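These are the residues of each chain, in order.
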Amino acid sequence: MANRPMAPPLQIWKWGPHMGVSVLHRVTGDGMALTGLITGYLVIVLTILMVIGFVVFLFVVISDATSSSSGPVYSPTPPPAPPLPPAPAIP
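A. Spotlight on the overall build of the protein. Scanning the protein from N- to C-terminus turns up two helices and zero strands. Every one of the 91 residues in the protein was classed for burial, and the buried ones make up 2%. Working note: accessible area of the protein is about 9000 Å², and carbon and sulfur atoms make up 76% of it.

B. Representation of a nonpolar patch on the surface. A cluster of nonpolar side chains, Leu34, Ile38, Tyr41, Leu42, Ile44, Leu46, Ile48, Leu49, Ile52, Val56, Phe59 and Val60, forms an exposed patch at the surface whose accessible area comes to about 1200 Å². Within the fold, Ile52 resides in helix α2 (residues 17-66).

Definitions and limits used
- Residues numbered from 1 in each chain as written.
- Predicted model: local features only at pLDDT ≥ 70, side-chain atom pairs only at ≥ 80, totals over all residues.
- Heavy atoms only, no water.
- Helix = DSSP H or I, 4+ residues; strand = E, 2+ residues; numbered from the N terminus.
- Buried < 20%, exposed > 50% of the residue type's maximum accessible area, 1.4 Å probe, protein only.
- Areas by Shrake-Rupley, 256 points an atom, 1.4 Å probe, with all protein chains shown as cover.
- Patch = residues over 30% accessible without salt bridge, like charges linked within 9 Å, V, L, I, M, F, W, Y side chains within 5 Å.
- Salt bridge = Lys/Arg side-chain N within 4 Å of Asp/Glu carboxyl O.

Next up, the structure:
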């Protein structure tokens, strides 16, 4: 069984530049396809999150506009800081 001849295509086959370019083309094509899939997935996920955030924002704005409270729930100015304690006297 060890003395069987190789098939004729395997006897004349040699590694050439065209084969390396073919392998490189396949590897870069797979990389671009994977990058496209990941990018598409991220675009879909981020779009869904933005829509959810916008709906929540609208809900908060509409609920604030229709509420009967006396003032806004969020005040744009922070409360005043508490006064500092007096400085110790220098002897």
